[in-house]
Each structure stands twice: as structure tokens, then as C-alpha cells.
Amino acid sequence: VTAKNVMIIGATSAIAQSVAHCFAKNGNKIFLVARDNGKLKAVEDDLVVRGAKVESFVCDISETYKHHELLIAAKEFLPSFDVILIAHGVLGDESESQVSYETAKKILEVNFLSVVSLLIELTKTFEAQRSGCIAVIGSVAGDRGRQSNYIYGTGKGALEIFLQGLRNRLYKSGITVITIKPGFVDTPMTSHLKKGLLFVSPEKVGKEIYQAISKQKEIVYVPRFWLLIMLVIKSIPEKIFKRLSL
Amino acid sequence: MDKDFQSWGGFPKVSQSVKKLNWLSHIELDSLNASVLPRGLGRSYGDSCLNDSGILLDVTTLKRFISFDEKSGLLRCESGVSFEQIINCFVPRGWFLPVTPGTKYVTVGGAIANDVHGKNHHVAGTFGCHVTKFELLRSNGEKLICSKEENIELFGATIGGLGLTGLITWAEFKLIKVSSPFIEAETIKFPNLREFFELSKSSEKDFKYIVSWVDCLRSDESLGRGLFIRGNFSTTDDIQEFKPQKSRFALPFNAPASLLNSYTVKIFNELYYGKQRTKTVTLKQHLNPFFYPLDALSNWNKMYGSKGFLQYQFVVPLDNGYEVVKSIIQQISKSKMGSFLTVLKTFGDIESPGWLSFPKKGVTLALDFAYTGANVLQLLNQLDKTVASSDGRVYPAKDARMSAENFYKFYPKAAEFENFIDPQFSSSFWRRVSQKSR
């Protein structure tokens, strides 16, 4: 097995950490990006003990003017980009964001526009290297707008359209673009929510994402049963859907 | 209030709230308005992992490695790292835990707080004997490095200190080198208790891992019959054969009533003892089934039904060990409250740095009883008397009922220990056993 070069944005998220564990085994090089220095250092140390070569970069990803500098640092450490995992995101205060443009804008900047900025910068690099995988964490919330989380869902839905186009464009260059749609995951981001039967551990989700990357999938629901749930939700006619309290 | 965080035995049941700790760099204890208790994977049987009406500090998400020295095997990790995680990450690289209890679903923090022991106590002592250093976060925000050189007293008070001296944030200990994931194991049938002591004596020099299962329902000449299991790590060079334990079978809910009662235990004991036809069986066994036979069933505790069960483990000195163990097995046999898995083992003389550490040189017996009400508590109080009068002690990590009087008798350093308890920290166990002193 040849060593891989991996970049992870939002490396301190619980899901990103478990995907990173899967990559940390074979002497792979991993470049980590996150905004909190203390947390990032803890993740870096952990991956080094697990056998990876790691470098990290502290950055608030919504500050898009720093992306250029970030990618220069990444390129210095990684000889190529075999895998890029974009895992950052905020749930945000949904009810606040539905009445305040500033709050809504911030959520869209973090969850959507920052990814657009990063991938615009990176597309040329990928087209030049003619191989690699771009995996981005979307959400089942992006599949259909619902009154309980449509600002968050808008960002994730827009992300999906953007990735569809990018997948289409990069296909001829041999690049894989994966949209990952996790359902409910038991992480610090969802710690305030009541845990029902649909919640799964970040470890399980991380392993499934790793497998999706290895198998070069396009769109993956994790865990897979969300594909069925969302098929049902998407098939409800709008006439009926608008009356539901979801 | 969270109902999911009960103890492994399911008795007593309490109501408490839970605060999950996610990052070492972002722990705040000062804003909490009730007593707190660190909580790992909740494998303590009784009430030492409970904090009724208080707060549990859930450390299971503090599970990152911090550093590892490939030369010496020195590992530093966050306190919520589980033994399973260490095994899966380090056995393939040729390293194993210096000491492990009978389940790998314990955290490093819990292993220190209960100063756990394993099948190799006679040659390796307790887990605490291998801990070189840890960081203790006190409720006043102080972070103290504790070792044999620094904060020596807190080091001794925290090992076996039941989580009461503060929060262990990270710890450092040495792994041992292994070249194979297999154990060369022997199982020897012994017809009575006398022969157990002889087998122990003759095996301790050559075998690193020793444990026995006993049929505690026998009271005649076959009293204390059982299976003596001894083994060493194989020396063949096949570490790549290691396989993590995969899918575990789980009981979906509590058994409607205890499946483990005096009838089923009797049948089980007959079958278990009888299944082995010859005196000795040798077997090359993967480390998972050898060290963790019960882990294959992820929540075997539910077999006891919703009322739960009580564990009872004591140690008594070797000089009168035979008589005491015999007397206790007789008392149990007479009570007809059979213990499902009865484990017998001798402890060696390696002393732990922990003040409230349970193991000491002698013989130890671990039993479990379905909680059926006052009759069980009565039996265990009676056993306490036998243990106390024989210079023995009972294991707090498995206890839900010992008296304050006996606790202080079993643990002479308990009074000194009190001075090192963090004022914000408490547990159901501690409030119970310290009643008289307050």
C-alpha cells in the first residue's frame, strides 16, 4: 500500500477525527485545518501516535482570504492531494437565523461559501494532477427544505448542487467528488438534542466515509438507511409537505 | 437527569445528570453547582460510579492518545481512552497492557481510580503499579502533575481513590512487549479447594496469567472444585495475526426475570465443570477470548433482569486462606444463592502505590448474586464479618452495601485519604461509607 496524502478541513469535528483514524494507519501524511489551536494540537498528537505524519494549520475557514495561504502551506507538506475531506460546519441557531439576516449569512458563509472558495482554489490543482478524491460532508437536511432547519438546509443543499457541477466537470480529469450525507450523529455539535434511535456514533460514520472514499462513491448516505428515509421524504408532494410540521 | 448511566450491577438505581467532556483544553469545573464524579465506561458494579442527585463527568469522549515511545513502550493518553482502543491500536505493533481486568471496556482513568488487577497480579501487581504519572484537575482549576516525585500524596490517594480526588485528565504508563496475539493456555480440573492452593503454588513461577473458576454450590468433599486456567503469551512471531473483536452480541433488553437463579446456576456449574473430560486441556487461544471471555456478550449484566445483581469480592491472607474461603463457600452453598461466575485467584506481594488499593497478598474470591432483596444483603453482611475477622478486605469497585465501619476497617488509610478528597467531588459510594465520619 502506498502512502496517501490527505488534507482534512474541520479536523477537530468528531466525524473528521474518526475518518482520520482510518487514514492514520499506514504512514500516511495528513494536513489538518481547524480554528481552535488547543483542540487541533490534541487531534494532531493522537494521529501521530497512531502512525501518521501530521502537520496542522490554525484557521477560521469562513475567513476566505486566508485560503490561499492555507493551500500554500498544505502543498509544502503534501506532495499531492490524494484525498481532501471537507468536514467543517456549524449547526447555528436556526430560529435566530430565520429572523436575522446576519446570523443566516454567517451560517451560509461557514457551511457553503467557504467550501466554494476552497474548491475554486483547488480545482486547478486537481485538474493538473489528474487524480484524487474530494469528499465533502453535506447533510440529509439539504435534501428538502423544512421549517425546523431550512437555513442550515439551504447551505447544505446549495453545497450539493455545487458538488454535482464540480463532479461533472472533474470527471474527465479522473477526479472523484463525493457528497456525504450523514443523518443524526452523536457528536458535540448535536449534544443539545435528545438522542433517539436514529443517532449513530461518529466512529461508525467515520468508517463508512472512509469506505466510500476507498470505493470512490458519488453520493453516500451514512448510515445507509437514510437513503430510504430521504426517498420517502423527497417523494411527498409539496401540497401535502407544506402542511406537515417537520 | 439521565437514566442511562447506572452501574454495571444495576443496583442501586439513581438519578443524576451527565456532563460530557470533549476536550482537555476546554474543561470547566467551576460553573458546576452540584457535586461531581468522573465517569468512564461504567463497569463498576456497585455505587462507586454513581452520584445520586449530582453530576457525572463523562470522560468517554476524552479518548485521544498523546504520545508513545516506541523504545520503552511509554504511552501517554487522555483518561477516557479505553483498554479496547489500546489493544486494537498497539497489539498489532507488538505491545500489550501491563495489567488488564476481565473486560477491555474500561477507561484508563477508571483503571487508575479503581486500581484494577488482572490474571498476572502475582507477577505484575495492579495497574497502578505501572502508572508513572498523571495530571489531576482539581475543582479550583489547579492542574497537578502527580507521580512518585511530584505531589506524591495525591499520587497515592488517587490510585484506587475512586475518582474522589479530582479529575484525571491524562495518564502515562508503560506497555509490555509481546510478539504474538495468542496465549498458550492450559485448563486443569481441580476436584477440591485444597488442590487449588497446590496448583497455585506450583504454577506461579512459570505462568504469568492465572485464574480459576469455582463451582460454589458444592459443600461436600468436592467443595471448591473448579477449573484452573494458566497461560503465557506465545513466543511465536505472529503478531500480524491479531484481530480486533468484531460484532458483539447484545441482549436487546433486560431479562424478564433473572435468568441466573439457583437452578440455572446449578445446571451451568455442572455443565461447565463436566464439559472438560480430561484433567488437563491445552489450547493456543487468541488474547480476546482468553482475557475477555464475557466481552463477547456486550451486556451480560442484563441476564440478571431489571432488579440487577451484586458482586462481592474479597481478599484474605494466605495463612488462613483455605479455611476462610472454605467457610465462605459453605455459607453460600447453605444459603442456596448460587453465584454464576465465581472466580478464585491468589494475589502476589507486589505493593501498589495506591492508598485504597484493594489487592494485597492472599487469596481472592469474586462472586455475583442476583439482587433478590434483603436475603442477599443479609448473606453479604454475614460474609463481611468472616472477611473482617480474618484480616481481609472487600473491593469497593464491586460494592453497593458494605458498612462504613467495615470500610474503615478494611482500608486503614481511609482516614488520611479523606484529607485529599476534592471538596467538589463525591459519589454515592462515598456518601454511604463515610456517613459515620461526617
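In the block above lies the structure referred to throughout.
Notes on the structure follow. Keep in mind that what you see is a predicted model, and the values were worked out from it rather than measured. (Residues numbered from 1 in each chain as written. Chains lettered and ligands numbered in written order. Predicted model: local features only at pLDDT ≥ 70, side-chain atom pairs only at ≥ 80, totals over all residues. Heavy atoms only, no water.)

This next bit is on the overall build of chain A. When helices and strands are tallied, chain A shows 9 helices and 7 strands. Since a compact globule built from 246 residues should have a radius of gyration of about 18 Å, the 18 Å found for chain A is in line with a globular shape. The principal-axis extents of the C-alpha atoms in chain A amount to approximately 55 × 40 × 35 Å. Taken across its 246 residues, chain A has 52% of its residues classed as buried. Considering only residue pairs separated by 6 or more positions, chain A has 70% of its internal contacts joining residues 24 or more positions apart. For chain A, the accessible area works out to roughly 11900 Å², and carbon and sulfur atoms hold 56% of it. (Helix = DSSP H or I, 4+ residues; strand = E, 2+ residues; numbered from the N terminus. Rg over C-alpha atoms; globule rule 2.2 N^0.38 Å. Buried < 20%, exposed > 50% of the residue type's maximum accessible area, 1.4 Å probe, protein only. Contact = heavy atoms within 4.5 Å. Areas by Shrake-Rupley, 256 points an atom, 1.4 Å probe, with all protein chains shown as cover.)

What follows deals with the interface of chain B and chain A. In this assembly, 17 residues from chain B lie in contact with 15 residues from chain A. Of the roughly 1200 Å² buried between chain B and chain A, counting both surfaces, carbon and sulfur atoms make up 55%. Together, Trp23, Arg64 and Phe65 of chain B form the three largest contributors to the area buried by chain B at its contact with chain A, with a combined 44%. For the interface between chain B and chain A, the tally reads 1 salt bridge. One salt bridge connects glutamate 203 of chain A with lysine 63 of chain B, and the closest N-O pair in it is separated by 2.3 Å. Mapped by element, the contributors of at least two residues to the side of chain B that touches chain A are strand S4 (65–68), strand S5 (74–78) and helix H1 (83–90) of chain B. (Buried area = accessible area lost by both parts, 1.4 Å probe. Salt bridge = Lys/Arg side-chain N within 4 Å of Asp/Glu carboxyl O.)

Turning our attention to the pattern of salt bridges. Once their charged atoms are close, side chains differing in charge can pair, the charge on each being opposite to the other. For the structure on display, the rule yields 28 salt bridges over all chains. The shortest N-O distance in the salt bridge between arginine 169 of chain A and glutamate 127 of chain A comes to 3.0 Å. Of this pair, arginine 169 of chain A sits in helix H6 (residues 150–170) while glutamate 127 of chain A sits in helix H5 (residues 101–129), placing them 42 residues apart in sequence. Classification of arginine 169 of chain A by relative accessible area gives partly exposed; the value is 41%. Overall, the relative accessible area of 24% leaves glutamate 127 of chain A in the partly exposed class. Aspartate 384 of chain B is the partner of arginine 401 of chain B in a salt bridge, and the nearest nitrogen-oxygen pair spans 2.5 Å. Linking arginine 401 of chain B in the loop between strand S18 (393–394) and helix H10 (404–410) with aspartate 384 of chain B in helix H9 (residues 374–388), this pair joins segments that are 17 residues apart in sequence. One salt-bridge network, held together by shared partners, links Asp47, Asp384, Asp399, Arg401 and Arg432 of chain B.

Let us look at the sheet that holds strand S14 (residues 280–286) of chain B. Residues and elements named next belong to chain B. One open sheet accounts for 8 strands, arranged S14-S11-S13-S12-S16-S17-S15-S18; its pairing is antiparallel. Edge positions in the sheet fall to S14 and S18, since each has one partner strand and no second. Across 5 bridges, the pairing between strand S16 (residues 342–347) and strand S17 (residues 362–370) is antiparallel. Of the residues in S17, the one forming a bridge with valine 343 is alanine 366. Docked against the sheet, helix H5 (residues 193–203) engages strand S11 (182–190), strand S12 (209–214), strand S13 (226–233), S16 and S17, running at close to 10° with respect to S13. On the sheet, helix H8 (residues 321–335) packs against S12, strand S15 (309–316), S16 and S17 and is oriented at approximately 10° with respect to S17. (Pairing = 2+ DSSP bridges. Axes fitted to C-alpha atoms, helices over the stretch in contact; angles between N-to-C directions.)

This next bit is on the pairing of S5 of chain B. Residue and element names in this part refer to chain B. Note that S4 and S5 share 3 bridges and pair antiparallel. Note that in S5 the partner of phenylalanine 68 across the bridge is leucine 75. Between S4 and the antiparallel strand that follows it, S5, lie 5 residues; glycine 73 among them carries a positive phi value of about 85°. Strand direction decides the pairing type here: S5 and strand S9 (residues 167–174), joined by 5 bridges, are antiparallel. If you follow leucine 74 over to S9, its bridge partner there is lysine 174.

So, on to the packing of H8 of chain B against H9 of chain B. All names here are of chain B. Contact pair H8 / H9: the axes reach a minimum separation of 10 Å and the direction vectors enclose 165°. Here H9 runs roughly antiparallel to H8, going by the angle between their axes. In terms of crossing hand, the pair formed by H8 and H9 is right-handed. Touching Val324, Ser327, Ile328, Gln331, Ile332 and Ser335 of H8 are Leu379, Gln382, Leu383, Thr386 and Val387, all from H9. For the contact of H8 with H9, a count of residues per class yields 6 nonpolar, 5 polar and no charged. (Parallel < 35°, antiparallel > 145°, perpendicular 65-115°, else oblique. Left-handed = near helix turned anticlockwise from the far one by under 90°. Nonpolar A, V, L, I, M, F, W, Y, C, P; charged D, E, K, R; others polar.)

Right, let's talk about the sheet that holds strand S7 (residues 219–222) of chain A for a bit. Residue and element names in this part refer to chain A. Across the sheet, which stays open at both edges, the 7 strands sit in the order S3-S2-S1-S4-S5-S6-S7 with parallel pairing between neighbours. Of all the strands in the sheet, just strand S3 (53–58) and S7 have a single pairing partner and so form its edges. Averaged over all neighbouring strand pairs, the angle between strand axes comes to 15°, with direction disregarded. Bridge analysis of strand S5 (residues 133–137) against strand S6 (residues 176–182) gives 5 bridges, and the strand direction is parallel. Residue pairing in the sheet places alanine 135 in a bridge with isoleucine 178 of S6.

Glancing now at a nonpolar patch on the surface. There is a patch of nonpolar side chains on the surface, built from Phe184, Leu198 and Phe225 of chain A and spanning about 240 Å² of accessible area. Along the chain, phenylalanine 225 of chain A turns up in helix H8 (residues 225–235). (Patch = residues over 30% accessible without salt bridge, like charges linked within 9 Å, V, L, I, M, F, W, Y side chains within 5 Å.)

As a further point, take the nonpolar core. One finds Ile86, Phe90, Phe96, Phe134 and Phe314 of chain B to be the most contacted residues of the largest nonpolar core, which totals 110 residues. Non-local contacts of phenylalanine 134 of chain B, meaning those with residues more than four positions away in its chain, are made with Ile112, Leu144, Ile145, Cys146, Leu154, Phe155, Thr158, Ile159, Ile168, Trp170 and Ala171 of chain B. Judged by nonpolar contacts, the second largest core, of 35 residues, contains Ala11, Leu47 and Ile178 of chain A together with Trp23 of chain B. (Core = buried A, V, L, I, M, F, W, Y, C linked by side-chain atoms within 4.5 Å.)

For the rest of this paragraph, the subject is the environment of proline 244 of chain B. With respect to the helices and strands, proline 244 of chain B occurs in the loop between S13 and helix H6 (262–274). Once the C-alpha coordinates of proline 244 of chain B and glutamine 6 of chain B are considered, the two residues, 238 residues apart in sequence, prove to be 27 Å apart.

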